[in-house]
Each structure stands twice: as structure tokens, then as C-alpha cells.
Amino acid sequence: MKVCKFGGSSLADAGQISKVMDIVLADPARRMVVVSAPGKRNKSDTKVTDLLIALADAALAKKDTTKPLKAVVDRYASIAKELKLGEDIVKEIEKDLKARIASSKKDSGIFMDTLKAAGEDNSAKLVAEAFTKRGVKARYAGPKETGMILEGESGNATLNPESYRKLAKTFADFEGIVVYPGFFGYRKDGTVATFPRGGSDITGSILAAAIRADVYENFTDVDNVYPVDPRIVPEVKEGIDTMTYREMRELAYAGFGVFNDEAIFPAVQARIPINVRNTNHPAEPGTMIVQSRRVIPGTVTGIAAADGFCNIIIDKYCMNREVGFTHKLLDILQEEHVAYEHIPSGIDSISVVIRADKFTKSTENRVVARIKRELSPDSVLVTHNYAILMVVGEGMAFSAGMLAKATAALAEHGINISMVNQGASEFSFMIGIKSEDRVKAVRALYSAYFG
Ligand code: ASP
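Residues numbered from 1 in each chain as written. Predicted model: local features only at pLDDT ≥ 70, side-chain atom pairs only at ≥ 80, totals over all residues. Heavy atoms only, no water.

Student: Honestly, the overall build of the chain in this entry has me stumped. Any pointers?
Tutor: Looking only at helices and strands, the chain has 14 helices and 17 strands in total. For 451 residues, the compact-globule formula gives about 22 Å, and the C-alpha radius of gyration of the chain, at 25 Å, lands near that figure. Overall, the C-alpha framework of the chain stretches about 75 × 50 × 40 Å when taken along its three principal axes. For the chain, the proportion of contacts with a sequence separation of at least 24, taken over those separated by at least 6, is 73%. Put simply, the chain has 59 plus and 57 minus side-chain charges, and the middle of one group is 3 Å from the middle of the other. (Helix = DSSP H or I, 4+ residues; strand = E, 2+ residues; numbered from the N terminus. Rg over C-alpha atoms; globule rule 2.2 N^0.38 Å. Contact = heavy atoms within 4.5 Å. Lys, Arg positive; Asp, Glu negative; His and termini not counted. Charge placed at Lys NZ, Arg CZ, Asp CG, Glu CD.)

Here you go:
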């Protein structure tokens, strides 16, 4: 059985929903369909989730909700009309939205999530209805009845692990096609909770893991995962056909846009193969993401670069002989609630790479003062506007000259390397550079490895 998740752009209008139904019906293994809320129909359009947030904001501010409510209802109404689903479903959606608006506003986070969840919930009901209208045996299944239990912060909820057992039991055996709304679930106290934005991917991944799907198909609006960001290297044509989970994770870490690495974690943990595919080009096989694959030695799978880091560089003569130096440094970071990303070190130096958005000026001042006071370094310096380049490929292991290619290409373009870090498993290395060199560096590495 396959779990197929369709993103907002795949459900933006009736034409897209018809494509979704064609895709699902083309393969009898596609039995569980996870849907997002309708997304943008064109660049200047607004996603239904954003319309719902505006509606919730208006309600919380005790403003007139007539207009923002109409904006949401109109989106569903136009889809229903084009799919010839009749008036009843639109009336039901409007009634559902009004009930949500009238619900308790005591906790504004819960209220906001209750409204946001309406996007996916009504999208699933509408798609189920569209299948039925085509004469297909399909039904809506909701998170409450099926056991998608969430916990934690509103808008940033996580899964209660008991859900896996409950979902597996619910879907141990079922007939026809199930249409399931992404993005939200219910806490044990019955309140609605949503995952972070883009969270329908998480729902799909959880369901795929729970029912032990053969494949988790994630339909979006790109043909493949590309070896480099096409916005940086527009000439990239060839996509990646197969990559491993850990390759995906490392590239996603450095800002690869297609997937949020945390979103696919449940499927990865359960070793479910993930297939990224395009709703608009269903004949394309897309990119498979799997536990292991055959590799061609000496090849790179992808290159990514993330911006927004800073680096604390600490020097101290004979640091290598000082027992507990790093421990004390990590204690300071922990006590100041600073998560670090990497700690490349030398004999007499150590640097700590941190995400800049987690390192405010006041935290920086406190951390630097404590390092000076408690570790007596020769120097401590914080550099800002730091980017991390990531070169990833299972094929790099045991192949000489992989890093040399990168350093030569960067040198040729006059890009200074401020740090190099290669993991022991040799399937990736990262290079620290100045933010201003990021785009130039990615292009240079792309032509070095793929040109
Ligand atoms: N509709 C939600 C969002 O726009 C969740 C999703 O599409 O995955 O973030």
C-alpha cells in the first residue's frame, strides 16, 4: 500500500484536484491520500491557511469576520462548483468555519490552531466527495477518530508516540480510498493542535510509518530533488533519481528546500522509502529516498549552502593539554541556552558554529564575557555573516581527491575557506565561508562536480 501526500499547490483548484484523482486512480496501491489545504493558484494568490490565519486574527481582535470568512468560503466554493459537487458541501464548510469562529478564545494559540486546521480538514472532505462523485469508493478519515494524538505547543505540536499503535489499529484493514487531512491532530484533552507550517508532510510521514506503507509518495510541484538549488544554478536539469536518508538529511540541513528533514523523520525511522514526485508530471519517476543505494565511487549527490550562522573562535596556547576545556565551554553554552551546530577544533583553538537567529546580541555579550572570565583564553572572537557549504554523496567515501576538487574550485574563485569539517563516515563534508560568497561558491562547486 502507498501513502500519497499532496501539497497545497496540488489542491489549489479543481483542475489540480482532478489531476490528484487521476494519479491516485492510476495505481490501485494508492489507498491513503493525505491532503494539504488549497494553496496558491498563481504567484499573487493567497494560501487558504494564510486566509484562515487572517480570519482567526480578526476574530481574536473582535473585528468583523464577514470578509475574511467569505474569502475562505469562496475558495472552497469555486473548487466545489468546478467539480460540480453541489451546494451542500459548501454550506457544510461554511457551517464548520462559523462553529470554529464561535469556539473558545480563552487560549489564543488553540483558537488559532482550530482555525488553521479547517484548511486541511475541509480540503480532505471536499476531495473525498470528489472521488465519490466519480463513482470511486472513498471516504474522509479524520485525526480524532483515527488516533492522531498530538501534544505540546500550539502551532508547533509534536506527535504523542501512542498514535502509531492507534493509527495502525484503525487502518489494519480498510476498503477503498481514505482521504486524510494533513497538518493537525488533537490533544488528549480534545483541543486541536497543528504541526509547524508545512506540516502535512509530517502527517503523511506518520501515516506511512504507522501503516508500514510500501512507499510514501510525496507529490509536489517539482519533478525531482535536484543536486543543487535551481534558483542558484538555473541550468541544473538532471534530478537525483535515488538518494539515501542521510544524504537527504545533510542536504536539508543546509537549506535544501524540497523537504523538511524533521518532517520525514517518522518515515525514515520506519525505513519507508520516500518518493518525491510532481503532480503536474505524473509520468516522471521522481526521486527515491531510501536507506541504502548502489553508488558510483567518486560521485557527489548534492551541494547545498545555508546562511545565517556565526562563529565563536577561541584561542588558547596549550589548549590541548587543558583537561575539561571543551566541557567547560559547553557548560557555558548550555547554561546560556545556546544550541551549537558544529565544533571544529585545532590544537590550540576551538570554534563553535551557532545559528545567528539563536544568538542575540545580549546572549553573545554574556557568553563572550563568561568565556573570558571562566576559560581565560588568549583570544575570543565572534564572526558574523557566516555560511556553511555542504557537499554530500555516498559515492565520496574512500575516493581520493573529493575535497581537493572543492578547495581548488573555491580558490579559483577567490573564496576563502574559514573551516572544513568532514564526518568520519566520509559521505559529506562542510566548508565555512563568508555569507557574501555563498552563491558564488555553490556555482563554483556545481561546475566542479557536475559541470
Ligand atoms: N497548509 C499548511 C501550511 O500552509 C500545512 C501544509 O500545507 O503542509 O503550512
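Student: How should the side chain of Thr 203 be read in this particular structure?
Tutor: Mapped onto the elements of the fold, Thr 203 is located in helix α8 (residues 200–210). Accessibility expressed as a relative area gives 0% for Thr 203, which makes it buried. Not counting the four nearest positions on each side in its chain, Thr 203 is found in contact with Val 34, Met 148, Tyr 180, Pro 181, Gly 182, Phe 183, Phe 184 and Phe 195. (Buried < 20%, exposed > 50% of the residue type's maximum accessible area, 1.4 Å probe, protein only.)

Student: In this structure, what is going on with the site of the ligand? I would like to understand it.
Tutor: In the neighbourhood of the ligand, the contacting residues comprise Ser 36, Lys 47, Thr 49, Glu 120, Phe 183, Arg 197, Gly 198, Gly 199 and Ser 200. A distance of 3.1 Å separates an oxygen atom of the ligand from a polar atom in the side chain of Ser 36. At 2.7 Å, a side-chain N or O of Arg 197 approaches an oxygen atom of the ligand. In isolation the ligand offers 260 Å² of accessible surface; the protein chains occlude 93% of this area. For the shell around the ligand, a count of residues per class yields one nonpolar, five polar and three charged. (Near = heavy atom within 4 Å. Polar contact = N/O pair within 3.5 Å; in protein donor to acceptor, adjacent residues only side chain to side chain. Areas by Shrake-Rupley, 256 points an atom, 1.4 Å probe, with all protein chains shown as cover. Nonpolar A, V, L, I, M, F, W, Y, C, P; charged D, E, K, R; others polar.)

Student: I would appreciate a short explanation of unusual backbone geometry in the present structure.
Tutor: With glycine set apart, most residues show a phi of negative sign, and most peptide bonds adopt trans. Even without being glycine, Cys 318 reaches a positive phi, approximately 65 degrees. In this structure, Cys 318 sits in the loop between β13 (302–315) and α11 (325–335). The class of Cys 318 is partly exposed, set by a relative accessible area of 24%. Positive phi, normally seen in glycine, also occurs at Phe 398, with a value near 60 degrees. Within the secondary structure, Phe 398 sits in the loop between β15 (379–392) and α13 (402–412).

Student: Help me out: how do you make sense of a negative patch on the surface in this one?
Tutor: A cluster of acidic residues, Glu 87, Asp 88, Glu 92 and Glu 129, forms a negative patch at the surface. Here Asp 88 is to be found in helix α4 (residues 88–101). Judged by its relative accessible area of 55%, Asp 88 is exposed. (Patch = residues over 30% accessible without salt bridge, like charges linked within 9 Å, V, L, I, M, F, W, Y side chains within 5 Å. Salt bridge = Lys/Arg side-chain N within 4 Å of Asp/Glu carboxyl O.)

Student: Please explain the packing of α4 against helix α5 (residues 108–133) as it appears in this structure.
Tutor: At a closest axis distance of 10 Å, the pairing of α4 and α5 adopts a crossing angle of 165 degrees. As summarised for this structure, α4 and α5 are arranged roughly antiparallel, according to the angle between their axes. For α4 against α5, the interelement crossing comes out right-handed. Contacts from Ile 89, Ile 93, Asp 96, Leu 97, Arg 100 and Ile 101 in α4 reach Phe 111, Thr 114, Leu 115, Ala 117, Ala 118, Asp 121, Asn 122, Lys 125, Leu 126 and Glu 129 in α5. (Axes fitted to C-alpha atoms, helices over the stretch in contact; angles between N-to-C directions. Parallel < 35°, antiparallel > 145°, perpendicular 65-115°, else oblique. Left-handed = near helix turned anticlockwise from the far one by under 90°.)

Student: Where do I start with the packing of helix α3 (residues 66–82) against α4 in this structure?
Tutor: The geometry of a pair of packed helices is captured by two quantities: the angle between their axes and the separation between those axes. As a packed pair, α3 and α4 sit with axes 9 Å apart at the nearest point and diverge in direction by 155 degrees. Comparing their axes, α4 and α3 come out roughly antiparallel. As α3 packs across α4, the resulting crossing turns out to be right-handed. Facing α3, whose interface residues are Leu 69, Val 72, Val 73, Tyr 76, Ala 77 and Ala 80, α4 presents Ile 89, Val 90, Ile 93, Glu 94, Leu 97, Lys 98 and Ile 101. Partitioned by chemical class, the residues of the contact of α3 with α4 number eleven nonpolar, no polar and two charged.

Student: Where do I start with the packing of aromatic side chains in this structure?
Tutor: The geometry of two aromatic rings is summed up by the distance between their centres and the angle between their planes. Counted by the stated rule, this structure contains five aromatic pairs. Between the aromatic rings of Phe 171 and Tyr 180, the centroid separation amounts to 6.2 Å while the plane-to-plane angle is 65 degrees, which identifies the pairing as edge-to-face. The two residues Phe 171 and Tyr 180 agree in class, both being buried. Considering the side-chain rings of Tyr 446 and Phe 450, the 5.2 Å spacing of their centres and the 15 degrees angle between planes classify their relative orientation as stacked. Of this pair, Tyr 446 and Phe 450 are both found in helix α14 (residues 438–450), four residues apart, which corresponds to roughly one turn of the helix. According to the relative accessible area criterion, Tyr 446 is buried, its value standing at 13%. Over the ring of Phe 174 we find Arg 31, and its NZ or CZ is 4.5 Å from the ring centre. For the cation-ring pair, Arg 355 lies above Tyr 253, with the distance from its terminal atom to the ring centre recorded as 5.1 Å. (Phe/Tyr/Trp six-rings, centres within 6.5 Å; stacked < 30°, edge-to-face > 60°. Lys NZ or Arg CZ within 6 Å of the ring centre and 35° of its normal.)

Student: Even after reading the chapter, I still don't get the sheet that holds strand β12 (residues 287–290), so can you show me in this structure?
Tutor: The strands that make up a sheet pair up through hydrogen bonds in the backbone, lying either parallel or antiparallel. Strand order in the open sheet formed by eight strands is β3-β6-β2-β1-β9-β11-β12-β10, with mixed pairing between adjacent strands. What marks the edges here is a single partner per strand, and that holds for β3 (138–140) and β10 (242–244). Each adjacent strand pair in this sheet contributes to an overall mean axis angle of 20 degrees, direction not counted. Bridge count between β3 and strand β6 (residues 177–181): three bridges; the pairing is parallel. What sits directly across from Arg 139, in β6, is Val 178. (Pairing = 2+ DSSP bridges.)

Student: Looking at this model, I keep getting lost on the environment of Asp 45. Mind explaining?
Tutor: On the secondary structure map, Asp 45 appears in the loop between β2 (30–35) and α2 (48–60). You can call Asp 45 buried: its relative accessible area is 15%. Residues Asp 45 and Ala 12 lie 33 residues apart in sequence; the distance between their C-alpha atoms is 9.9 Å. Ignoring sequence-local partners within four residues, the contact set of Asp 45 consists of Gly 39, Lys 40 and Arg 75. Among the polar contacts listed, one links the side chain of Asp 45 to the side chain of Arg 75, at a separation of 3.5 Å.

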